[in-house]
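A structural walkthrough
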Amino acid sequence: MDRSEVEAMEPLPAEAVELVERRIEEEHGYLSWLNTSVDVVERGRVVLSIPFDDKLTNSDGGTIHGGVAATLVDTAGGIVQRTAFEDPLSGGVATVNLNANYLRPATGDLRAEATVVRSGGSIGVSDMTVTSSTNGDAAEVVVGQGSFRLFRE
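Every chain is numbered independently, its residues counted from 1 as its sequence is written. Side-chain atom pairs in this predicted model are given and counted only at pLDDT of 80 or more, local residue features only at pLDDT of at least 70, and totals for whole chains, interfaces and linings cover all residues. Remark: hydrogens and water are excluded; side-chain values derive from all non-hydrogen atoms of the structure.

1. Focus on the overall build of the protein chain
A tally of regular secondary structure across the protein chain gives four helices and six strands. Starting at the N terminus and walking to the C terminus, you meet the elements of the protein chain as α-α-α-β-β-α-β-β-β-β. In this treatment the radius of gyration is a C-alpha quantity, and the globule benchmark scales as 2.2 Å times the residue count to the 0.38 power. For 153 residues, the compact-globule formula gives about 15 Å, and the C-alpha radius of gyration of the protein chain, at 15 Å, lands near that figure. Each principal axis of the C-alpha atoms in the protein chain carries an extent, and together these give about 45 × 30 × 25 Å. The buried share among the 153 residues of the protein chain stands at 42%. Any pair of residues with heavy atoms lying within 4.5 Å of one another is described as a contacting pair. Partitioning the intrachain contacts of the protein chain with sequence separation of at least 6 by distance along the chain shows that 64% fall at a separation of at least 24. For the accessible areas, the method is Shrake-Rupley and the probe is 1.4 Å, while residue cover comes only from the protein chains on display. About 7,600 Å² of surface is accessible on the protein chain, with carbon and sulfur atoms providing 46% of the total. Note on conventions: DSSP H or I runs of at least 4 residues are helices, E runs of at least 2 residues are strands, and numbering of each starts at the N terminus. Burial classification: accessible surface area is computed with a 1.4 Å probe over protein chains only, and a residue below 20% of its type maximum counts as buried, one above 50% as exposed, and the rest as partly exposed.

Following this line, the structure appears as structure tokens:
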């Protein structure tokens, strides 16, 4: 399925959205520690965010470590593939390949948006963009693409 076919599917069940929110925001040790929020989960599109925190910065104290943005790219890209499952609560997703292109330093809150490029029988491809916002000004800081192994039940 390509992006338009995924977006044309029936809306996600509320329990699927609630499960993603709970697992990311409360139950996942690393993502919870990063204070990750699930902002949007819909067929073919996911938005996650992490607020700026000094504990996430490089030694300069002002720029967020690139690994935090890469975590958002990987997580959002995998979750968005689940939205293409007939039953997003079944099966699984594992990262096969991840590409992150860093455009500029991240100096504020991070927001990752992921969309499905294609969701095949066993491999899915997602596009991801991370923006950083400081004082209301947002700029793209990372663009990425990932391929994910899909374990459909």
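2. Details of the sheet that holds strand β4 (residues 109-119)
Read from one edge to the other, the open sheet built from six strands follows the order β1-β2-β4-β5-β6-β3, with strand pairing classed as antiparallel. The open sheet is flanked by β1 (37-42) and β3 (92-102), the only strands paired with a single partner. Pairs of neighbouring strands in the sheet enclose a mean axial angle of 20°, with direction left out of account. Relative to strand β5 (residues 123-134), β4 runs antiparallel, the two being bridged by ten bridges. In the sheet register, A114 faces β5, and the bridge partner there is M128. To obtain an axis, a line is fitted to C-alpha atoms, over the contacting stretch when the element is a helix, and the angle between two such axes runs from 0 to 180 degrees between their N-to-C directions. Sheet contacts for helix α4 (residues 66-82): β2 (45-50), β3, β4, β5 and β6 (137-151); angle to β4, the most-contacted strand, approximately 40°. When DSSP finds two or more bridges between two strands, those strands count as paired.

3. Structural notes on a negative patch on the surface
Where like charges cluster on the molecular surface, the negative patch consists of E10, E15, E18, E86, D87 and E153. Tracing the backbone shows E10 in the loop between α1 (3-7) and α2 (14-27). Excluding any residue in a salt bridge, patches collect residues exceeding 30% relative accessible area, merging like charges within 9 Å and nonpolar Val, Leu, Ile, Met, Phe, Trp and Tyr side chains within 5 Å. A side-chain nitrogen of Lys or Arg and a carboxyl oxygen of Asp or Glu constitute a salt bridge if their distance falls within 4 Å. Charge counting follows a simple rule: Lys and Arg are positive, Asp and Glu are negative, and His as well as the terminal groups are ignored. Here the site of a charge means NZ on Lys, CZ on Arg, CG on Asp, or CD on Glu.

4. Digging into the environment of T134
Its location among the elements puts T134 in strand β5. Taking the relative accessible area as the measure of exposure, T134 reaches 29% and is therefore partly exposed. Distance from T134 to T107, taken between C-alpha atoms, is 6.7 Å for residues 27 residues apart in sequence. When neighbours within four sequence positions are excluded, T134 is seen to be in contact with T107 and G108. Any pair of nitrogen or oxygen atoms within 3.5 Å is treated as a polar contact; in protein, a donor-acceptor pairing is required on top of that, and neighbouring residues in sequence qualify only through side-chain atoms on both sides. There is a polar contact of 3.3 Å between the side chain of T134 and the side chain of T107.

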